[in-house]
Amino acid sequence: NAGVTQTPKFRILKIGQSMTLQCTQDMNHNYMYWYRQDPGMGLKLIYYSVGAGITDKGEVPNGYNVSRSTTEDFPLRLELAAPSQTSVYFCASSYSQAGTEAFFGQGTRLTVV
Amino acid sequence: GQQLNQSPQSMFIQEGEDVSMNCTSSSIFNTWLWYKQDPGEGPVLLIALYKAGELTSNGRLTAQFGITRKDSFLNISASIPSDVGIYFCAGLTGTASKLTFGTGTRLQVTL
C-alpha cells in the first residue's frame with residue numbers, strides 16, 4: 001500500500017533551472033495538494049486540485065505551476081528556480097472535501113544555489 | 001492570510017511527564033486538526049475535531065476544540081521517547097480544501 005509517493009527525495013538546482021516534482025497517489029483520492037515547508041515553519045499551500053483537470057492557487061503559488069491530467073498524478077513545476085524556493089515540498093491527498101484525512105508524502109528537499 | 005500561532009515553540013520534557021500545547025487564531029475555524037511530523041517524514045494526522053467544545057482522545061493524546069472556535073489544545077499524557085517530533089495544528093474554514101497550518105511545537109523527550 002504505497003499511499004502518496006514523491007520523487008525525487010532530494011535535489012539541488014542552479015538558479016534559473018527548471019524541474020518537476022512528481023507526486024502520485026494510489027488511494028483514488030480526488031483532492032491533492034502541494035505544500036512547502038521552510039525551516040522552523042509550518043506548511044504553506046502552493047496549489048491544490050479537487051479533481052482531474054481542476055487546479056487552483058493556494059497561499060504561495062508564485063513561481064510554480066501544476067497540472068492534474070489524471071486522478072493519480074499531481075506534478076509541481078518550477079520554471080525558473082530561485083534561492084527563495086529552497087524548501088521541503090510535501091504533496092498530500094485526501095478523499096473528502098474537508099481535506100481532513102489528508103495523507104502526506106515523505107517530501108522532496110530542494111536546494112537552489 | 002490566516003495565521004495560527006502555536007505555543008510553546010519547543011519543549012524539553014522528561015519521559016513520563018505530561019505535555020500541553022495550544023494553537024490560537026484570529027479567525028474562526030470549523031475544523032481543527034493535529035498532526036505529528038517525524039524527522040524526514042511528512043505530517044501524520046493524530047486527531048481531528050469537528051465542533052466547538054469537542055474533546056477527543058486517541059490513546060495518550062487528548063485534543064479539544066475551543067468554544068470560541070479560535071483555539072485548540074493538545075495534551076499528551078505520560079510521554080515516551082517516540083513522542084519526539086514536531087506537532088502541528090491545522091485549521092479548516094467553511095470554504096474547505098485549504099488547511100492553514102500552525103508554526104509547530106518541537107517536542108524533545110529525555111530519558
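For the structure itself, consult the block above.
Residues numbered from 1 in each chain as written. Chains lettered and ligands numbered in written order. Predicted model: local features only at pLDDT ≥ 70, side-chain atom pairs only at ≥ 80, totals over all residues. Heavy atoms only, no water.

(A) A look at the overall build of chain A. Scanning chain A for helices and strands turns up zero helices and eleven strands. Mapped in sequence order, the helices and strands of chain A form the string β-β-β-β-β-β-β-β-β-β-β. The C-alpha radius of gyration computed for chain A amounts to 13 Å, which stays within 12% of the reference 13 Å derived for 113 residues, consistent with globular compactness. In terms of principal-axis extent, the alpha carbons of chain A reach across some 40 × 25 × 25 Å. Per-residue burial over chain A gives 46% buried out of 113 residues. Accessible surface, chain A as shown: approximately 5400 Å² in total, 52% of it carbon and sulfur. (Helix = DSSP H or I, 4+ residues; strand = E, 2+ residues; numbered from the N terminus. Rg over C-alpha atoms; globule rule 2.2 N^0.38 Å. Buried < 20%, exposed > 50% of the residue type's maximum accessible area, 1.4 Å probe, protein only. Areas by Shrake-Rupley, 256 points an atom, 1.4 Å probe, with all protein chains shown as cover.)

(B) Just the pattern of salt bridges, in detail. Evaluated as defined, the whole model comprises five salt bridges over all chains. Note that Lys-36 of chain B is salt-bridged to Asp-38 of chain B, the shortest N-O span being 2.8 Å. (Salt bridge = Lys/Arg side-chain N within 4 Å of Asp/Glu carboxyl O.)

(C) Expanded view of the interface of chain A and chain B. Every contact between the two is made by 22 residues of chain A and, on the other side, 19 residues of chain B. Here chain A meets chain B over a buried area of about 1600 Å², counting both sides, of which 55% is carbon and sulfur. Joining chain A to chain B, the criterion identifies zero salt bridges. Run the count over chain A and chain B and you get two residue pairs in polar contact (both at pLDDT 80 or more). At the level of secondary structure, the elements contributing two or more residues to the side of chain A that touches chain B comprise strand E4 (31-37) and strand E5 (43-51) of chain A. (Contact = heavy atoms within 4.5 Å. Buried area = accessible area lost by both parts, 1.4 Å probe. Polar contact = N/O pair within 3.5 Å; in protein donor to acceptor, adjacent residues only side chain to side chain.)

(D) Inspection of the sheet that holds strand E3 (residues 19-25) of chain A at higher detail. Residue and element names in this part refer to chain A. The antiparallel open sheet is built from four strands, whose spatial order is E1-E3-E8-E7. Edge positions in the sheet fall to strand E1 (4-7) and strand E7 (64-66), since each has one partner strand and no second. In this sheet, neighbouring strand axes are inclined to one another by 20° on average, regardless of whether the strands run parallel or antiparallel. Strand direction decides the pairing type here: E7 and strand E8 (residues 76-78), joined by three bridges, are antiparallel. (Pairing = 2+ DSSP bridges. Axes fitted to C-alpha atoms, helices over the stretch in contact; angles between N-to-C directions.)

(E) Highlighting the pairing of strand E7 (residues 61-65) of chain B. All names here are of chain B. Alternating residues of E7 divide into Leu-61, Ala-63 and Phe-65, all buried, and Thr-62 and Gln-64, none buried. Bridging between strand E6 (residues 55-58) and E7 involves four bridges; their strand directions are antiparallel. Each bridged residue has a counterpart across the sheet, and for Leu-55 the counterpart in E7 is Gln-64. One ladder, built from five bridges, connects E7 with strand E8 (residues 71-76); its direction is antiparallel. Considered in E8, the bridge of Leu-61 is made with Ile-76. Between the antiparallel neighbours E7 and E8 lie five residues, among them Arg-69 with a positive phi of about 70°.

(F) Representation of the nonpolar core. If you look at the biggest cluster of nonpolar residues, it comprises 21 residues, and the most contacted ones within it are Trp-32, Trp-34, Leu-74 and Leu-107 of chain B. Of all the secondary structure elements, the ones that give two or more residues to this core are strand E2 (10-14), strand E3 (19-25), strand E4 (31-37), strand E5 (44-49), E7, E8, strand E9 (85-92) and strand E11 (105-110) of chain B. Ranked by size, the runner-up nonpolar core spans 20 residues in total, among them Tyr-33 and Tyr-48 of chain A together with Ala-48 and Ala-90 of chain B. (Core = buried A, V, L, I, M, F, W, Y, C linked by side-chain atoms within 4.5 Å.)

(G) Structural context of the state of the cysteines. All names here are of chain A. Counting across every chain of the model gives two disulfides over all chains. Between the sulfur of Cys-23 and that of Cys-91 lies a disulfide, 1.8 Å long from S to S. Where Cys-23 bonds to Cys-91 through sulfur, the torsion about that S-S bond is close to -70°, and the disulfide is left-handed. On the criterion of sequence distance, the pair formed by Cys-23 in strand E3 and Cys-91 in strand E9 (residues 87-94) is long-range, its members being 68 residues apart. (Disulfide = S-S within 2.5 Å.)

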